[in-house]
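These are the residues of each chain, in order.
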Amino acid sequence: MDPAPVPAPPIQNDCEAELEHKTSRSSSIWSWLPSWRPTSMSLLKTTESKILACIKNDLWARFVTLQNQDRIWTLSLTNKGTPKSAEQAPKTPLVMVHGFGGGVGLWIRNLDALSRSRTVYAFDLLGFGRSSRPHFPSDAAKAEEQFVNSIEQWRQAVGLETMILLGHSLGGYLATSYAIQHPSRVSHLILVDPWGFPERSKPEVEQSQGAEVVKRPSIPRWVKAIASVVSLFNPLAVIRAAGPWGPGLVNRFRPDFKRKFEDLFDDDTMTQYIYHCNAQTPSGEVGFRAMSETLGWAKRPMLQRVHLLPPSMPVTMLYGARSWVDSSSGNRAAEIRGKAHTKVLLINEASHHVYADQPDDFNRVVENICKSVD
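Just so we're clear, the structure is a prediction, and the values are computed from it rather than from any experiment.

## Digging into the packing of aromatic side chains
Each aromatic ring pair is characterised by the separation of its centres together with the angle its planes make. Throughout the structure, instances matching the rule amount to eleven aromatic pairs. Ring centres of tryptophan 107 and tyrosine 355 lie 4.8 Å apart, and the angle between their planes is 50°; on these two criteria the pair is classed as tilted. Placement of tryptophan 107 in the loop between strand E3 (94-97) and helix H3 (111-114) and of tyrosine 355 in helix H13 (residues 354-357) is noted, with a sequence separation of 248 residues between them. Here the two residues tryptophan 107 and tyrosine 355 agree in accessibility, since each one is buried. With centroids separated by 6.5 Å and ring planes inclined at 15°, the aromatic side chains of phenylalanine 128 and phenylalanine 147 adopt a geometry described as stacked. With phenylalanine 128 in the loop between strand E4 (120-123) and helix H4 (140-158) and phenylalanine 147 in helix H4, this residue pair connects regions lying 19 residues apart in the sequence. Note on accessibility: phenylalanine 128 and phenylalanine 147 belong to one class, buried.

Now the structure itself:
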């Protein structure tokens, strides 16, 4: 069914109201004083609508209901200027999966450009953004399986046979897990600064004047700071605990998000979006914590499973040249896959959020990958 074009996200319907009502009733250790945090699903929706108003192509925004009645907030975009030919076979759609703590709004620099020649889908992962926020198990394998099952149920509900699957950070980890379990559904796997690939580094030991000196891998200070929080609470608990100071906290510690989008918004729209995405009841965040070790290592490193991807599946791994994520994991994945198509690319002047740091280069690379599919 062809998407019905709308200039902006649709007015909230009864299903959306029901979801927000259910979400607001979700149990949370932070719900003892609802007025403490200046956030709500309604405020998240309003902020996201301001972001999506920048989209020029045809946009269809709606909730996709899964078998268990969880809902996945979904965008689909098509190029309004491209004439539809009945004889021309539709091109394989591109599906974009955001990273930890993100949502569909973060793709605002990419959606129009990438939907020029094919339909593009972006959705909020289960437990994040405007999607349902169910309970996640504390077992790493079970939490990962819940994420992956939700992606497969989403695919079935939307009616996609195959897709070019792109995932950033946590989304890259989950996209790889999905591709291993459902290889026939993925035409090309694109991993952007993927989280959770390397095995946790073991300290190097060397001899120095007869004594053993332990050399540890260098970890960025901000990663260590986040890790100290992760070890005690859910990763973003501090944002919720800060109450009315939460938005200011996001502005203070992530001013880069404002800078990345400053030509689109001259105010705090993007940091407000990040705040509202993560000040709600933690859910996917709980699932992420279940899958991660101290300092953000995955309990089940993907390099231990990347050999399970079929050799026929092409994989492209994009890294920011200035990212804290080590691109050597991509080279290692290529070695493990042997003769299978695995390309590792660096985007100059880009950090972890490659798609926002260097959107033109990112869009060009992704578009060329898509053209190689059909």
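## Concerning unusual backbone geometry
At serine 169, a residue that is not glycine, the phi angle is positive and equals roughly 55°. In this structure, serine 169 sits in the loop between strand E5 (163-168) and helix H5 (170-181). One non-glycine residue with positive phi stands out, namely aspartate 193, at about 45°. Positionally, aspartate 193 belongs in the loop between strand E6 (186-192) and strand E7 (204-208).

## Here's the deal with the nonpolar core
Within the largest apolar cluster, 48 residues are counted, with the highest numbers of intra-cluster contacts made by Leu75, Leu94, Met96, Leu111, Leu166, Phe362 and Val366. Non-local contacts of methionine 96, meaning those with residues more than four positions away in its chain, are made with Trp107, Asn110, Leu111, Leu114, Val120, Tyr121, Ala122, Phe123, Leu166 and Phe362. Judged by nonpolar contacts, the second largest core, of 46 residues, contains Phe128, Ile151, Val158 and Leu160.

Reading the values: rules and limits
- Residues numbered from 1 in each chain as written.
- Predicted model: local features only at pLDDT ≥ 70, side-chain atom pairs only at ≥ 80, totals over all residues.
- Heavy atoms only, no water.
- Phe/Tyr/Trp six-rings, centres within 6.5 Å; stacked < 30°, edge-to-face > 60°.
- Helix = DSSP H or I, 4+ residues; strand = E, 2+ residues; numbered from the N terminus.
- Buried < 20%, exposed > 50% of the residue type's maximum accessible area, 1.4 Å probe, protein only.
- Core = buried A, V, L, I, M, F, W, Y, C linked by side-chain atoms within 4.5 Å.
- Contact = heavy atoms within 4.5 Å.

Function cannot be read off these values alone, since they describe shape.
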